[in-house]
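Structural features, examined
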Amino acid sequence: MSITTERSDDGSTLTIHIQGRFDFSSHQAFRHSYEGADSSITHYVIDMSETTYLDSSALGMLLLLRDYAGGEKSDVRIENCNGDVRRILTISNFEQLFQIDD
Amino acid sequence: MTIDAAFGSGSLRILIADDNQSDRMILHAILTRQGHEVVMATDGMEAVEAFHRENPQMVLLDAMMPRMDGLEAARQIKAAAGEQLVPIIFLTSLSDPESLASCLEVGGDDFLSKPYNRVILRAKINAFRRMRELHQSLQKERDLSHRRNEQMLHEQEMARRVFDNIAHRGCLGAENIRYEASPMSIFNGDVLFASPKPSGGMHLFVSDFTGHGLPAAIGAVPLAEIFYGMTAKGFAISDILRETNRKLQAILPPGVFCCAAMVDLNLKSGHAEVWNGGLPNGYLLRHDGSTDELRSRHLPLGILPADRFSAACERHSMEVGEHLLLCSDGVMESVNGEGEMFGEERILEVIAGGGAPSDVFERLREAVRSFSEGVGSEDDITILDVAMADESLLEAVEPEVLPDTGAGPLDWEMSYELRNETLARFNPVPLLLHICMDVPGLRLFSGELYTIITELFNNALEHGVLRLPSSLKDSPAGFSRYYSERERLLGEITQGAVSIRLEHRSDAQRRGGRLLITVEDSGDGFSEEALSQSLAHNGLSGRGLALVRQFCNNVRLCGKGNCIEAEFVWHTGRSESRSGVFEGGRQP
Amino acid sequence: MSDQQHLDHEALTELRDVMGDEFNILINTFLEDADERLRQITEAARAEDAASFRKVAHSFKGSSINIGAPILADCCFAAEQAGKEENLSHSAEQIAAIEGELATVSEQLRRYMQD
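So, here is what we can say about the structure in this document. Just so it is clear, the model here is predicted, and its values are computed rather than measured. (Residues numbered from 1 in each chain as written. Chains lettered and ligands numbered in written order. Predicted model: local features only at pLDDT ≥ 70, side-chain atom pairs only at ≥ 80, totals over all residues. Heavy atoms only, no water.)

Attention now moves to the interface of chain B and chain A. Where interface size is given, it is often the accessible area lost as the parts come together that is meant. Facing 37 residues of chain B, the contacting portion of chain A comprises 32 residues. When chain B packs against chain A, the two sides together hide about 3000 Å² of surface, and 59% of this comes from carbon and sulfur. Remark: the boundary between chain B and chain A carries one salt bridge. Here Arg87 of chain A ties to Glu448 of chain B by a salt bridge, and the two come within 3.6 Å at their closest N and O atoms. Put simply, chain B and chain A have three residue pairs in polar contact (both at pLDDT 80 or more) between them. Secondary-structure elements contributing two or more residues to the side of chain B that touches chain A are α9 (237-251), α16 (446-465), α17 (476-492) and α19 (543-551) of chain B. (Contact = heavy atoms within 4.5 Å. Buried area = accessible area lost by both parts, 1.4 Å probe. Salt bridge = Lys/Arg side-chain N within 4 Å of Asp/Glu carboxyl O. Polar contact = N/O pair within 3.5 Å; in protein donor to acceptor, adjacent residues only side chain to side chain. Helix = DSSP H or I, 4+ residues; strand = E, 2+ residues; numbered from the N terminus.)

Turning to the nonpolar core, a few remarks are in order. Phe30, Ile46, Leu62 and Leu89 of chain A together with Leu449 and Ile452 of chain B are the most contacted members of the largest nonpolar core, which totals 78 residues. Per-element tally for this core: the top contributor is α16 of chain B, with nine residues. The residues contacting Phe30 of chain A, other than those within four sequence positions of it, are Ile3, Ile16, Ile18, Phe22, Ile46, Met61, Leu62 and Leu65 of chain A. (Core = buried A, V, L, I, M, F, W, Y, C linked by side-chain atoms within 4.5 Å. Buried < 20%, exposed > 50% of the residue type's maximum accessible area, 1.4 Å probe, protein only.)

This part is about the interface of chain C and chain B. Taken together, the 20 residues of chain C in the interface contact 16 residues of chain B. Both faces combined, the contact of chain C with chain B buries some 1800 Å², and carbon together with sulfur accounts for 56% of it. Ranking the residues of chain C by area buried against chain B places Val18, His58 and Asn66 of chain C at the top, with a combined share of 31%. Across the chain C-chain B interface, the total number found is two salt bridges. In this structure, the salt-bridge partner of Arg118 of chain B is Asp17 of chain C, at a minimum N-O distance of 2.7 Å. Linking chain C to chain B there are nine residue pairs in polar contact (both at pLDDT 80 or more). Those elements giving two or more residues to the side of chain C that touches chain B turn out to be α1 (9-19), α2 (23-46) and α3 (50-67) of chain C. Tallying contributions element by element places α3 of chain C first for the side of chain C that touches chain B, with eight residues. Residues that form the side of chain C that touches chain B fall into these classes: seven nonpolar, six polar and seven charged. (Nonpolar A, V, L, I, M, F, W, Y, C, P; charged D, E, K, R; others polar.)

A separate point is the sheet that holds strand β7 (residues 190-196) of chain B. Residues and elements named next belong to chain B. Strands sit in the order β7-β8-β9-β10-β13 across an open sheet of five strands; the sheet is antiparallel. What marks the edges here is a single partner per strand, and that holds for β7 and β13 (314-317). Direction aside, the axes of adjacent strands within the sheet are offset by 15° on average. Across seven bridges, the pairing between β7 and strand β8 (residues 202-209) is antiparallel. Following the sheet pairing, Phe193 is matched in β8 by Phe205. Sheet contacts for helix α8 (residues 220-232): β7, β8 and β9 (258-266); angle to β7, the most-contacted strand, approximately 15°. (Pairing = 2+ DSSP bridges. Axes fitted to C-alpha atoms, helices over the stretch in contact; angles between N-to-C directions.)

Turning our eyes to something else, we now look at the packing of α16 of chain B against α19 of chain B. Residues and elements named next belong to chain B. Two elements in contact, α16 and α19, have axes separated by 9 Å at closest approach and are oriented at 140°. When the interaxial angle is binned, α16 and α19 end up oblique. Pair α16 / α19 crosses with left-handed handedness. Side by side, α16 and α19 meet where Glu448, Thr451, Ile452, Glu455, Leu456 and Asn459 of the first sit next to Gly544, Leu545, Leu547, Val548 and Phe551 of the second. Considering only residue class, the contact of α16 with α19 consists of six nonpolar, three polar and two charged. (Parallel < 35°, antiparallel > 145°, perpendicular 65-115°, else oblique. Left-handed = near helix turned anticlockwise from the far one by under 90°.)

Quick look at the structure:
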């Protein structure tokens, strides 16, 4: 599992790539990936093109991010989920909290 | 036929044909004194008969004889000799250059003028003997080479059969797939796989090993096992790519690698996920005539170690009737009579040539064929053309995945217990999932089962054994602390156990079954109240068991509260999960 | 032509060496065949068969060369040419020449055999 980040050219969007299984072992790396950045970031994108699996602790981590990004006012988008990941997000009704792009 | 073995080196069996008795006697004397065996004939017809009967290695023929003259006799003898080199020397009393030259023109290999000179005759015989020997050794080499070639072709045929046996589980014959895989390309290690997925859609794989011939083709065997095995068990494209890379990296010699492209075609959502490592550009052909390039963005398989390998795919949406085209580099490298390569420009020309996306495959195939027509046997071409199709295609394809749900282990149970320090070091979930995947009917639900087993195991380990309070996870700081505590406690663990019991029974018709998953821990247990509280919880914790509840028919507490039993029921004909959630929806 | 010997003694010495004990048999064979060829060529001339005339003359010429009788060979060659040109008008003279030369050669060859 590895987590990498990317800033957009204008600096306003942070894209977090999660590779492999997104589970409790990722929590430190995930938190680290967004907490260090400066306040000019207004949009967050979670790229799951290489994420094979998501468990309940990962759901928790996503919620933490959302919280950090402004809660109700946050702009966090989740992209490129595979079938299994999508299923878990849907079951957990995360569409109500995040913008999920297929 | 030949009698070389009967004679030592040097002596030959020589046929003499001359209608003059005294001339014959002279020749006979000269030749026998030189150690040769002599066969006599008095005219052309006798000469031909004697040749058939005695198989001489050399013939001395008088050019003009009654009944059949020397020229006709020479022609018949040459014909009878076939592949063997039997020199014919014309005996002649002519002396003018033109006549002598004409002896050679009409088929003789040399001439001997009268009076017969034994020194000259000896020299000529020696010269021809050397020529014969050279001729024979060339023939031997040719025959050997021929045999070796036959053997190689036979081996390749065997390899091909092994390959076909492995690949036969696939769906290359599906309606939305067309392909070209020439025998030469397969022997050179090109690989073309297609397999339906348990959850719907299909995986496709095209690859091209470096190197040629049998060694390259052998690489296809582990590739096939991994591709078909993992696809059938519901693994995702990235898992399959990673495993393939790992395996090839381990077994291939340095310098040998596998240029490949893999596609996960999702018919339900209308998407294709594409991974290209080292194959030439693939093309996505759209209805409006535009083309998306599917570039190689990764290193070929078998090069990078696992921690540097990337299985990131490009995602493309595709409408029904749009096509995806992949080729091995044999297409671009086909040459014509002038030695020019087909090249990417010509591929693009074919694509731009108008018509529907469904026409391109045939046109490309035809273009390559006529381009390299008549130029040797370099026919080393692999082309795959896949169309995005409607979901209903799956119904036709699915039976191949589950040819017999009655097969596999249907009625079994097993227990697995992890104790003490092992709890910190080993995650049993992948192994347990693998066991479940041996049940063909469960392969459609690998995702759900993974979630169920993982969440139950983590719950047992964290709350049961380590006694971490789930309420900690209610705040961001607490969440963090929860997991660092988890790590600390696991590192210090000396006592504790989690056991997982799996029990599977199939229904009477063998078209469905029930998997019972029971996870017990060595802790004090929970009350029913605590359980329902966490199940109903909307906070950051409790999601795990909520997920389990969603996927299972029934979840209940047993034992003294330190044991949870979850029941998962499945049956064929339904590829969606129990709770009715689909893999994304097709965008309108 | 008159400078040539009737028999090529060098060639005959060589032949004797090659044939060894069979030298006499060879000479006798030649002489018998020569008589037969003479008979055949006479018959061909009488029948006005230029093709046969030519063939027999050619064959006789060959054995004459091999035995070492150059003048005899030349006589045969003349006859062969005539036959090739299908001109048998001088066949009588040609046959007479052959016959005469053959007599001389025969006598000399017999002397060889006695040695």
